[in-house]
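So you can see what is in the structure, the chains are spelled out below.
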Amino acid sequence: MSFITRGFSGRGHERDERLPPGQTLAHDFPVLSAGPTPEIDTAEWEFSIATETGGVHSWNWEQFMALPIEEVDTDIHCVTHWSKLGTSWRGVSLDTLFEDVETQYEYVMAHSYGGYTTNLALDDLLDGKAWIAFEFDGEPLDPEHGGPARLLVPHLYFWKSAKWVRGLVMMGEDEPGFWEQNGYHLHGDPWKEERYW
Amino acid sequence: MSDASTATATSATSEPAPALAAMPRAGWHVATVVATRQETAKAARLELDVDGWPGNAAGQHLDLRLTAPDGYTVTRSYSIASSGPGTRVVLAVDKLPDGEVSPFLVDEVRVGDRLEVHGPLGAFFVWRPVDRGAVRAAGDGAGGAASALRARPVQLIAGGSGIVPLFAMATAHAEARDLTPFRMLYSVRTPDDLFFAEELMALAAASDVFRLDLVYTRRTPDGWPNLAGRVTRAALAAAVLPATERPIVYVCGSTGFVERVASWLIELGHDARDIRTERFGGI
């Protein structure tokens, strides 16, 4: 139903083909959070993956930092219409973390310090598509951007990249997490504009 | 709101979650501008009549899309300053100096223009009046249920144009004659930067349950009892409902403002789960 907006020229715009539809290039790093920023000490930090058999794989900060670390250069896209191109991160691949995890389940609920959750398909986390990131642009990740560590799933809208992540729980069926219960799409592919229900 | 029960989910396995089931269904609509006025030196108020708008709750937002003659489009999210049933929607847009959309909305848009909007959006940063029927019904039965249903007091904290969704909440509260205690702390640069100045003063003057506290960060009105300056932790502690009253706190403003205020609220004993935030970024 799109129609031309009277008087709007889109002055000086340059269309960058790396930008998904409806996105605008941001040069700063806006913050989307539902509540206050939790402060998490790496001495108390722990990350775990829990499966349907009751098995729990967990890492403290020291164990986590001893895992193979990858450098990730990627574009990120927030549902609130900004994108940031060519961001650089360091983190541990979910492929590494899932190496010894046996599960038949195909969905994952990511849980964060502070109580927030987001749902993902396991397929969206494996094969080099997702990381637990602890560094942004050469610096430790700021608490307001999810530090000490956040999920990084750059091919989906950025609310799926749960800040302050503390664990993944395998699920037999897809269920909505926090933002998904409050209006955001279950999957969140920016190229298909899967923003809202 | 009846269409929530017939809302179609996006995949066969998914159902609208409880928070969403209570919300009007979001969709694309054509909005016609029916009134514009200057809100502050930098901001405009736009009143829209939105064809097919299902109504919205206080605190929700919408996406607004502009299309240039060459097909270029740009989309931004705006908080809604109004709430309730009907097709009238009020926005208040602050002009960002380097913005692409806000200068157009503030300087160029005039009555009769048509704009594309998608909404209403968001089911978390919302406030609804107490359903007094439900309280009475519960009160007729078990005694404890009535107090459980009584709404928690509400503290609104706005920085600059972050007032918009909180103004919608304060207005909804007054229009419903809701007796839930409401307090608003509103930080602005100068008296000329107040959004909804007349309406807020009238709300505060007319109500025993709505209280407005203003903080001026750069210049105060003549005779103002406090010096101009940012909200401090001490000022916050003095102006907001204490944690012992278990208020739900809504904070809206720039990221820096929200981060400062929210961390002080935690230090003052408020539970993180009682603090709802909305930040606006730099684009």
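Scroll up to find the structure.
Here goes a summary of the coordinates provided. All of these numbers come straight from a predicted model, not from anything done at the bench. (Residues numbered from 1 in each chain as written. Chains lettered and ligands numbered in written order. Predicted model: local features only at pLDDT ≥ 70, side-chain atom pairs only at ≥ 80, totals over all residues. Heavy atoms only, no water.)

Neighbouring strands of a sheet are bound in pairs by backbone hydrogen bonds; such pairs are parallel or else antiparallel. Residues and elements named next belong to chain A. In space, the five strands of this open sheet follow the order 3-2-11-6-7, with mixed pairing throughout. What marks the edges here is a single partner per strand, and that holds for strand 3 (56-60) and strand 7 (117-121). With strand direction ignored, the average angle separating the axes of adjacent strands in the sheet is 15°. As paired strands, strand 2 (residues 46-50) and strand 3 are joined by five bridges and run antiparallel to one another. Residue pairing in the sheet places Glu46 in a bridge with Asn60 of strand 3. (Pairing = 2+ DSSP bridges. Helix = DSSP H or I, 4+ residues; strand = E, 2+ residues; numbered from the N terminus. Axes fitted to C-alpha atoms, helices over the stretch in contact; angles between N-to-C directions.)

Counting residues at the interface gives 39 residues for chain A and 53 residues for chain B. Roughly 4,000 Å² of surface becomes buried between chain A and chain B when both sides are summed, with 59% attributable to carbon and sulfur atoms. Per-residue buried area on chain A facing chain B is highest for Arg6(A), Phe8(A) and Trp197(A); these three make up 20% of the total on that side. Counting across the chain A and chain B interface gives two salt bridges. Linking Arg6(A) and Glu108(B) is a salt bridge whose minimum nitrogen-to-oxygen distance equals 3.3 Å. Here the element with the most residues in the side of chain A that touches chain B is helix 3 (residues 178-181) of chain A; it accounts for three residues. The class makeup of the residues in the side of chain A that touches chain B is 16 nonpolar, 16 polar and seven charged. (Contact = heavy atoms within 4.5 Å. Buried area = accessible area lost by both parts, 1.4 Å probe. Salt bridge = Lys/Arg side-chain N within 4 Å of Asp/Glu carboxyl O. Nonpolar A, V, L, I, M, F, W, Y, C, P; charged D, E, K, R; others polar.)

Residues and elements named next belong to chain B. Reading across the sheet, the five strands line up as 9-8-7-10-11 and stay open at both edges, with parallel pairing between neighbours. On the outer flanks of this sheet lie strand 9 (210-216) and strand 11 (275-280), each paired with one strand and no other. Across this sheet, the average inter-strand angle for adjacent strands is 10°, counted without regard to direction. Note: strand 8 (residues 182-188) against strand 9, seven bridges, orientation parallel. Following the sheet pairing, Met184 is matched in strand 9 by Leu212. Lying on the sheet, helix 5 (residues 163-175) is in contact with strand 7 (154-159), strand 8, strand 9 and strand 10 (248-254); it crosses strand 8 at an angle near 150°.

Here we come to the environment of Asp271(B). Residue and element names in this part refer to chain B. Of note, Asp271 is situated in the loop between helix 8 (255-267) and strand 11. Spatially, the C-alpha atoms of Asp271 and Pro247 are 9.5 Å apart, while their sequence positions differ by 24 residues. Of note is the side chain of Asp271, whose polar atom sits 2.8 Å from the side chain of Arg273. (Polar contact = N/O pair within 3.5 Å; in protein donor to acceptor, adjacent residues only side chain to side chain.)

Glancing now at the pattern of salt bridges. A full pass over the atoms with the stated rule returns 23 salt bridges over all chains. Across the salt bridge formed by Glu47(B) and Arg88(B), the nearest N and O atoms sit 2.9 Å from each other. Pair noted here: Glu47(B) is in strand 2 (residues 43-50) and Arg88(B) is in strand 5 (residues 88-94), with a separation of 41 residues, a long-range link. On the basis of relative accessibility, which here comes to 28%, the residue Glu47(B) falls in the partly exposed class. Among the salt bridges present, the one from Arg279(B) reaches Glu259(B), with a minimum N-O distance of 2.7 Å. Here Arg279(B) is found in strand 11, whereas its partner Glu259(B) is found in helix 8, with 20 residues between them in sequence. Taking the relative accessible area as the measure of exposure, Glu259(B) reaches 15% and is therefore buried. Salt bridges linked by common partners bring Arg6(A), Glu108(B) and Asp113(B) together as one network. (Buried < 20%, exposed > 50% of the residue type's maximum accessible area, 1.4 Å probe, protein only.)

Residue and element names in this part refer to chain A. As defined by bridge partners, strand 6 (residues 107-112) adjoins strand 7 across five bridges and the pair is classed as antiparallel. What sits directly across from Tyr107, in strand 7, is Ala121. Taking the residues between adjacent antiparallel strands as the criterion, strand 6 and strand 7 are bridged by four residues, where Gly114 takes a positive phi near 100°. Note: strand 6 against strand 11 (residues 165-171), six bridges, orientation antiparallel. Bridged to Met109 within strand 11 is Val169.

Attention now moves to helix 5 of chain B. All names here are of chain B. Taking 1.5 Å of rise per residue, 13 residues should cover 18 Å, and helix 5 covers 18 Å from first to last C-alpha, within 8% of that figure. Counting buried positions along helix 5 gives eleven out of 13 residues, so the element sits mostly inside the fold. Here helix 5 has its buried residues at Ile163, Val164, Pro165, Leu166, Phe167, Ala168, Met169, Ala170, Thr171, Ala172 and His173. Arg177 sits one or two positions beyond helix 5 and adopts a positive phi of about 50°. (Expected span 1.5 Å × (residues − 1).)

Let us look at unusual backbone geometry. With an omega of 15°, the peptide bond running from Gly147(A) to Pro148(A) counts as cis. Considering the arrangement of structural elements, one finds Pro148(A) in the loop between strand 9 (139-140) and strand 10 (150-152). Of note, the amide linkage connecting Gly119(B) to Pro120(B) takes the cis form, showing an omega dihedral of -5°. Position of Pro120(B) relative to the elements: it lies in strand 6 (residues 114-121). One non-glycine residue, His81(A), adopts positive backbone phi at about 85°. Position of His81(A) among the secondary structure elements: in the loop between strand 4 (70-77) and strand 5 (82-93). Backbone geometry places Glu193(A), a non-glycine residue, at a positive phi of 50°.

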